[in-house]
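Below, each chain spelled out in residue letters.
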Amino acid sequence: MKIQFEKKTCSRCGGSGHYSYNPSDGTVCFGCGGSGQKLSRDGMKARAVYDAAMKISAENVQVGMMMMVSLMGGPSKRMRVSEVVEGLKNWTANGETVDGIGIRYGDKLTAYSGKQEKLTRALCPDIHDSIEAILEGVKGVTVEV
Ligand SMILES: [Zn+2]
């Protein structure tokens, strides 16, 4: 499955990806990161619909789901949920003691302070149909199945 959001030529650099030189970025255009393109207005709206559809609260996560996970503040990686530990008691977050939920990815157990905490799912075959349905009729995105 391939999802593409509508793009337009970057108005800052006119599509070249380059703009005036500065010492930290060289001539890379910061309007588009050097790609020469950025999301159109409809593309941005569609992207927001997609991003919202990929969010799930910690309490609804189930074993087997594929998630985007950033461990120890590193870059997000696709990881499959191998265990959900309900009812972590007396988990302390931001000075408050709350009941939390633990989610294990491989051998790493990550604790979430609130059951309402929002996590991000990764695109995988299990949810292709539902994502396709959500994006159907939305402007600014093309979905190839
Ligand atoms: Zn640009």
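Residues numbered from 1 in each chain as written. Predicted model: local features only at pLDDT ≥ 70, side-chain atom pairs only at ≥ 80, totals over all residues.

## Quick look at the overall build of the protein chain
(1) Moving on: Of regular secondary structure, the protein chain possesses 2 helices and 12 strands.
(2) Moving on: Listing each helix as α and each strand as β along the protein chain from the N terminus yields β-β-β-β-β-α-β-β-β-β-β-β-α-β.
(3) Moving on: A globule of 145 residues ought to have a C-alpha radius of gyration of about 15 Å, yet the protein chain, at 19 Å, is considerably larger.
(4) Moving on: Dimensions of the protein chain along its principal axes, counting C-alpha atoms only, are 55 × 40 × 25 Å. (Helix = DSSP H or I, 4+ residues; strand = E, 2+ residues; numbered from the N terminus. Rg over C-alpha atoms; globule rule 2.2 N^0.38 Å.)

## Some remarks on the pairing of strand β11 (residues 118-121)
(1) Moving on: Where strand β6 (residues 55-57) and β11 come together, 3 bridges link them in antiparallel fashion. Residue pairing across strands places Ile-56 opposite Leu-119, the latter belonging to β11.
(2) Moving on: Here 2 bridges tie strand β7 (residues 66-69) to β11, and the two strands are oriented antiparallel to one another. Bridging from a neighbouring strand, Met-67 pairs with Arg-121 of β11. (Pairing = 2+ DSSP bridges.)

## Quick notes on the environment of Ile-134
(1) Moving on: Take Ile-134: it is sitting in helix α2 (residues 128-135).
(2) Moving on: As a C-alpha pair, Ile-134 and Tyr-50 span 84 residues in sequence and 7.9 Å in three-dimensional space.

## Quick look at the packing of helix α1 (residues 41-53) against α2
(1) Moving on: Two numbers describe how α1 lies on α2: the axes approach to 10 Å, and their chain directions differ by 145 degrees. Note that α1 runs across α2; the crossing there is right-handed. Two secondary-structure elements touch here, α1 through Val-49, Tyr-50 and Ala-53 and α2 through Ile-131, Ile-134 and Leu-135.
(2) Moving on: Of the residues that constitute the contact of α1 with α2, the class distribution is 6 nonpolar, no polar and no charged. (Axes fitted to C-alpha atoms, helices over the stretch in contact; angles between N-to-C directions. Left-handed = near helix turned anticlockwise from the far one by under 90°. Contact = placed C-beta atoms within 7 Å. Nonpolar A, V, L, I, M, F, W, Y, C, P; charged D, E, K, R; others polar.)

## Regarding the domain arrangement of the protein chain
(1) Moving on: Looking at the protein chain, the domain boundaries give domain 1 (2-54 + 125-140) and domain 2 (56-121).
(2) Moving on: Computed over C-alpha atoms, the centres of domain 1 and domain 2 are 28 Å apart. (Domains from an automatic or database assignment.)

## As for the environment of Asp-42
(1) Moving on: Considering the arrangement of structural elements, one finds Asp-42 in helix α1.
(2) Moving on: Looking at Asp-42, the number of C-beta atoms within 10 Å reads 15, which means it is partly exposed.
(3) Moving on: Asp-42 sits 96 residues away from Val-138 along the chain, and the two C-alpha atoms are 8.7 Å apart.
(4) Moving on: Not counting the four nearest positions on each side in its chain, Asp-42 is found in contact with Glu-6, Lys-139 and Gly-140. (Buried ≥ 20, exposed ≤ 12 C-beta atoms within 10 Å, placed from the backbone.)

## Looking at the environment of Pro-125
(1) Moving on: Mapping Pro-125 onto the fold places it in the loop between β11 and α2.
(2) Moving on: On the neighbour-count criterion, Pro-125 (8 C-beta atoms within 10 Å) is exposed.
(3) Moving on: Sequence separation of Pro-125 and Arg-78 is 47 residues, and the distance between their C-alpha atoms is 13 Å.

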